[in-house]
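Okay, here's what each chain looks like letter by letter:
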Amino acid sequence: MATATSLQHPRVRLYDQVRSVHLERARELEPAAIVFRSKRYDFDENLTDGLELAQAGTLAAARLALTSRITHLEINEPLYLDALPRTAVTLFAIGLRRVVGAPRVTVATYAIENLGPFETTPTRFKTRIRRRIERLLAEYVWRRVDNAVFGTAGAHGLYAQSFRNQPPRHSTVEALPSPCPCTTDAPGSARDRNSVVFLGNFGPRKGFSDVLAAWPLVRESRPDARLTLLGTGSQLDDARAAAAEDPTITLVVDPPRSAIHDHLRTAHALVLPSRRMPGWREQVGLPIVEALAHGCEIVTTDETGIADWLREKRHRVLPSDASPARIAGAIVSAVDDERSLADILATLPAVDGRIAAGRLLFDDAAHPVAAS
């Protein structure tokens, strides 16, 4: 991992957090350095070979911006408040370089936020002051963006509502996956109609307790159904207790990427009933995207930014306050669905939406496109 005082690549992706999927996508995009603040729990060191990575906080990222010959910079979206100070300081450092004659850097961002952080006024005085500062920083960062690619129509609408101006170039590319090669490259693999997967964080915002509460109801209707829990989180003890008490539940704690692919390739359905929390709403849901790429039926809520697309393609999209009983009914419906793997994969684009968006972010020749 890079510890140098400057970056080799002129194209840079400035991320707050980095996870394995970022490393996988980097191999399909034009080479660029990845500068990040922290690693997510699913970061796989084995995927770093051949990539230029630099871990840097706010000041270190600004120093890299000052000392590196950057031509293109991808930043976290401006409504991602946790990354705002670091992003703003880095952009200010890039601006300082122009004082000494450095060329202007093209700034791009990928946006999937669908919950406006400035729509409500905090009650605490200190929080109100912090929110005003964040609003100013967000305005500054957004004005500096040259090219924005929105992952959902909802995200585009939110940014249009939150800011007066649009970047010179902007487009919408739905955050949908392409079929995973492992669905066709693994001879003999087949979906198990009775296999249901929960993938991700074992916590309230992913509806984990509701899945555990729904499962006995699923078993009453479909005794052969089996639930695999893949992930980790604050409710790991609940997951362990459920797996110990119910032989139809299997727990796999923090599995490697290869194991996730293996489970999704044979699973019939994924359940992820996301719940809105104060200051948080499911943007898309990486587990949903990965399960779609493997041809799974999806059971989720209308919190995800691709809810309309999922409804249109006959997946199960529930209200965000759906009860465990209603979640159980949707799981049973998904288990009973007889459409083929090929039918589900046929609804997906040939090029992964995030890869297509990543190529547009650094494409100087891209023409302005109205959001679709």
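Residues numbered from 1 in each chain as written. Predicted model: local features only at pLDDT ≥ 70, side-chain atom pairs only at ≥ 80, totals over all residues. Heavy atoms only, no water.

Tell me about the overall build of the protein, and name the residues and values.
When helices and strands are counted, the protein shows 14 helices and 13 strands. Taken over C-alpha atoms, the radius of gyration comes to 21 Å for the protein, in line with the 21 Å a tight globule of 372 residues would show. With the C-alpha coordinates of the protein rotated into their principal frame, the extents come out at 70 × 50 × 40 Å. For the protein, the residues scored as buried account for 55% of the 372 residues in total. Taking as baseline every contact in the protein between residues at least 6 positions apart, the subset at least 24 positions apart corresponds to 68%. (Helix = DSSP H or I, 4+ residues; strand = E, 2+ residues; numbered from the N terminus. Rg over C-alpha atoms; globule rule 2.2 N^0.38 Å. Buried < 20%, exposed > 50% of the residue type's maximum accessible area, 1.4 Å probe, protein only. Contact = heavy atoms within 4.5 Å.)

Give a description of empty space enclosed by the protein that names residues and reports values.
Counted under the stated rule, the structure contains 1 cavity of 30 Å³ or more. Computed from the structure, the largest cavity encloses a volume of approximately 60 Å³. Lining the largest cavity are Leu7, Val12, Leu14, Val35, Ala61, Leu64, Ala65, Ile70, Leu73, Thr90 and Ile94. Elements that contribute at least two residues to the lining of the largest cavity include exactly β1 (11-18), α2 (58-67) and α3 (84-99). Ranked by residues supplied to the lining of the largest cavity, first place goes to α2 with 3 residues. Classifying every residue of the lining of the largest cavity by side-chain character gives 10 nonpolar, 1 polar and no charged. (1 Å grid on protein atoms, 1.4 Å probe; cavity = no way out; pocket = protein on both sides within 12 Å on 5 of 7 lines; lining within 4 Å. Points joined across faces, edges and corners; volume = space filled by probe spheres on them. Nonpolar A, V, L, I, M, F, W, Y, C, P; charged D, E, K, R; others polar.)

Go over the packing of aromatic side chains, please, and point to the residues and values.
Under the counting rule described, the total for this entry stands at 9 aromatic pairs. Between Phe198 and Phe202, the ring centres sit 6.0 Å apart and the planes meet at 45 degrees, which makes this aromatic pair tilted. In this pair, the class of Phe198 matches that of Phe202, namely buried. Three or more aromatic residues joined by ring pairs make a cluster, and in this case those are Trp142, Phe150, Tyr159 and Phe163. In this structure, Arg354 packs its charged tip against the face of Tyr110, placed 4.0 Å from the ring centre. (Phe/Tyr/Trp six-rings, centres within 6.5 Å; stacked < 30°, edge-to-face > 60°. Lys NZ or Arg CZ within 6 Å of the ring centre and 35° of its normal.)

For the layout of surface pockets, give the residues involved together with the corresponding values.
Sizing a probe to match a water molecule and rolling it over the atoms shows the empty space that remains. There is about 460 Å³ of room inside the second largest pocket. Along the walls of the second largest pocket sit 23 residues, with Glu24, Glu28, Ser178, Ala293 and Asp352 positioned nearest its centre. Taken together, the elements giving at least two residues each to the lining of the second largest pocket come down to α1 (20-26), α9 (257-266), α10 (286-293) and α14 (353-361). Residue classes in the lining of the second largest pocket are distributed as 13 nonpolar, 3 polar and 7 charged.

Quick rundown of the sheet that holds strand β8 (residues 195-201)? Include the residues and the values.
One open sheet accounts for 6 strands, arranged β10-β9-β8-β11-β12-β13; its pairing is parallel. Both outer strands of the open sheet, β10 (249-253) and β13 (316-318), are each paired with one neighbouring strand and no more. Strand-to-strand, the axes of this sheet are offset by a mean angle of 20 degrees, without reference to chain direction. Looking at chain direction, strand β11 (residues 269-272) and strand β12 (residues 297-301) are connected through 4 bridges and run parallel. The residue bridging Leu272 from the neighbouring strand is Thr300, located in β12. Contacts from helix α7 (residues 208-221) reach β8, β9 (226-232), β10 and β11, with the element oriented near 160 degrees to β9. Contacts between helix α8 (residues 236-245) and the sheet are confined to β9 and β10, with β10 contributing the most and set at about 145 degrees to the helix. (Pairing = 2+ DSSP bridges. Axes fitted to C-alpha atoms, helices over the stretch in contact; angles between N-to-C directions.)

Give me the lowdown on the pairing of β10, citing residues and values where you can.
Across 5 bridges, β9 lies against β10 in parallel orientation. If you follow Leu227 over to β10, its bridge partner there is Ile249. On the question of chirality, the crossover connecting β9 to the parallel β10 by way of α8 is right-handed. (Right-handed = clockwise from strand over helix to strand, strands pointing away.)

So, the pattern of salt bridges: which residues are in play, and what are the values?
Using the criterion set out here, one finds 28 salt bridges in the structure. Here Asp192 makes a salt bridge to Arg226, at a shortest N to O gap of 2.0 Å. Separated by 34 residues along the polypeptide, Asp192 in the loop between α6 (182-185) and β8 and Arg226 in strand β9 bring together distant segments of the chain. A salt bridge links Arg339 to Glu297, with the shortest nitrogen-to-oxygen separation between them at 2.8 Å. Linking Arg339 in the loop between α12 (324-336) and α13 (341-345) with Glu297 in strand β12, this pair joins segments that are 42 residues apart in sequence. The same class applies to Arg339 as to Glu297, namely buried. It is possible to trace a salt-bridge network through shared partners that takes in Glu297, Arg314, Arg316, Asp337 and Arg339. (Salt bridge = Lys/Arg side-chain N within 4 Å of Asp/Glu carboxyl O.)

Can you tell me about helix α5 (residues 153-162), naming the residues and giving the values?
For α5, the full list of buried residues reads Ala155, His156, Leu158, Tyr159 and Ser162. Each buried residue of α5 lies within a common arc of 160 degrees when the element is viewed along its axis, so the set occupies one face. Looking at the buried side of α5, the elements it contacts are β5 (106-111), α4 (125-144), β6 (147-150) and β7 (169-172). (Arc of directions from axis to C-beta.)

Which residues make up the sheet that holds β6, and what values go with them?
Ordered by their spatial adjacency, 7 strands build an open sheet running β3-β2-β1-β4-β5-β6-β7, and the pairing between neighbours is parallel. The open sheet has two free edges, formed respectively by β3 (53-55) and β7, since each of these has just one partner strand. Each strand axis lies, on average, 20 degrees off the axis of its neighbour in the sheet, ignoring direction. Of the pairings in the sheet, the one linking strand β2 (residues 33-39) to β3 comprises 3 bridges and is parallel in character. Residue pairing for β3: Ile34 is matched across the bridge by Leu53.

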